[in-house]
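Spelled out, the chains give:
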Amino acid sequence: MQQNAFSSEPIVSLRDVQKSFGPLKVLDGVSFAVDRGEVLAIIGRSGSGKSTALRCIDRFEKVDGGEIVVCGHRVDRPDVNLRALRQDVGIVFQSYNLFPHLTIEQNIALAPCAVKKMATGQAKELARKVLAQVGLEEKLHAYPEQLSGGQQQRAAIARSLAMQPKVMLFDEVTSALDPELTGEVLKVIEQLAADGMTMVMVTHEMGFAKSIADRIVFMHRGKVHETGPASILTSPTTPELIQFVGTGN
Ligand code: ADP
Ligand code: MG
C-alpha cells in the first residue's frame, strides 16, 4: 500500500495489540492511531508497557496478536519488509548510541551510504543539512565524546533524520540528560513537530507533552487507560491518570 499526500490512512495504527514476555502480559489490547503530521505522546508509570508499544511499531518486538500498520507496512505479519519499514521509521532512544570511533558526520552518513547506497559526497551534504536542523553544524568533524549529552542526543536525532523517515519515534530521549540539557533537545523535537513531522514519543516531560502533543495516550498495566487531547492532562477523568499527573510520575 502506498501512502500519498491525499491518503486518509493513519501513518501508524495499532489495533488490539497483545504482547507477553513469558507469563507477563505487557500489552493487553492496545489500540491507537497517529495521523500524518500528528504528535502522539505516550505517558504512564514505569513498567506500564510504553517502550514495548513503541518497539512493536518498529518491530524490534514481535506482537502476539492484533494488527499494526505503519506507513502501509503490515508490521504484525511475518513477511513484513523490515528494510522498507525501517527506512520509513526513525527511532531515537534514551541512550544516543553514536559510534564513538566515528565523527558526527561519519555517524550520520553511515546509514544513507550503506542502506540507501548514497554517494559519499551527497551523504556529507546531507549530514551538514540535518546537523543544521538540530543546530550542530559546527560539530560535523567532532567525535561523540567531544559533545555534551544534549548535543549527542541532537546528533542522534540528526542521524535519524538523514534517512528521511515518515515518522519518528522517541523513547524518553531526555531522561538520561542533566536537567539543564533537556531544553535544547526538546526544542529540536518541537521544531520537528512545527515542520510537520509525524511522531510518537514516550515522555515523562508533562509540560512538554501538554504543549506539543495533539493527543495523549495514558498507559496503565498494558492498556490504554485514558486517551484524548492534551487537555486530559489538565482535566484527567480516571483516578489513575489523576494520580499520575498529580504526583508528576
Ligand atoms: P515502560 O516503558 O512503560 O517503563 P516497558 O514496556 O519497558 O515499560 O516494560 C513493560 C514490562 O515488560 C516491564 O515489566 C518490563 O520489565 C517487561 N519487559 C520489557 N521488555 C522485556 C523483555 N525483553 N523481556 C522480559 N520482560 C520485559
Ligand atoms: Mg520505557
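The structure reproduced in this document is the subject of the present report. (Residues numbered from 1 in each chain as written. Chains lettered and ligands numbered in written order. Predicted model: local features only at pLDDT ≥ 70, side-chain atom pairs only at ≥ 80, totals over all residues. Heavy atoms only, no water.)

## Focus on the pattern of salt bridges
Heads up, the rule is: What makes a salt bridge here is a side-chain nitrogen of Lys or Arg within 4 Å of a carboxyl oxygen of Asp or Glu, nothing more. A simple rule labels every residue: compare its accessible area, found with a 1.4 Å probe on the protein chains alone, to the largest value its type can have, and call it buried under 20%, exposed over 50%, or partly exposed in between.
Applying the stated criterion across every chain, the model contains ten salt bridges. In this structure, Arg 74 engages Glu 67 in a salt bridge whose closest nitrogen and oxygen atoms are separated by 3.8 Å. Judged by its relative accessible area of 26%, Arg 74 is partly exposed. Residues participating in the shared-partner salt-bridge network are Arg 15, Glu 67, Arg 74 and Asp 76.

## Examining the nonpolar core
For clarity, the cut-off: We call a set of buried Ala, Val, Leu, Ile, Met, Phe, Trp, Tyr and Cys residues a nonpolar core when their side-chain atoms join them within 4.5 Å. The helix and strand labels rest on DSSP assignments: H or I over at least four residues marks a helix, E over at least two residues marks a strand, and numbering proceeds from the N terminus. Here, two residues are considered to be in contact whenever any of their heavy atoms come within 4.5 Å of each other.
With 52 residues, the main nonpolar core has Ile 157, Phe 170, Ile 189, Met 199 and Ile 216 as its most contacted residues. Per-element accounting of this core gives the leading share, seven residues, to helix α6 (residues 179-194). The residues contacting Ile 216, other than those within four sequence positions of it, are Ala 41, Ile 43, Ala 209, Glu 226, Thr 227, Gly 228, Pro 229, Ala 230, Ile 232 and Leu 233.

## Quick notes on the packing of helix α3 (residues 104-114) against helix α5 (residues 149-161)
Definition in use: A fitted line through C-alpha atoms represents every axis, and for helices the fit uses only the stretch in contact; the resulting angles, taken between N-to-C directions, go from 0 to 180 degrees. Working rule for angles: under 35 degrees goes down as roughly parallel, over 145 as roughly antiparallel, 65 to 115 as roughly perpendicular, anything else as oblique. Crossings are classed by handedness, with left-handed meaning an anticlockwise turn of the near helix from the far one by less than a right angle and right-handed meaning a clockwise turn. Any residue that is not Ala, Val, Leu, Ile, Met, Phe, Trp, Tyr, Cys, Pro, Asp, Glu, Lys or Arg is counted as polar, Gly included; the first ten are nonpolar and the last four charged.
Running from N to C, α3 and α5 cross one another at 30 degrees; their axes reach a closest spacing of 8 Å. Relative to α5, the element α3 is oriented roughly parallel. When you trace α3 past α5, the crossing you get is right-handed. Facing Ile 104, Asn 107 and Ile 108 of α3, the residues of α5 in contact are Ala 155, Ala 158 and Arg 159. Of the residues contributing to the contact of α3 with α5, the split by class is four nonpolar, one polar and one charged.

Geometric values such as these leave the question of function open.
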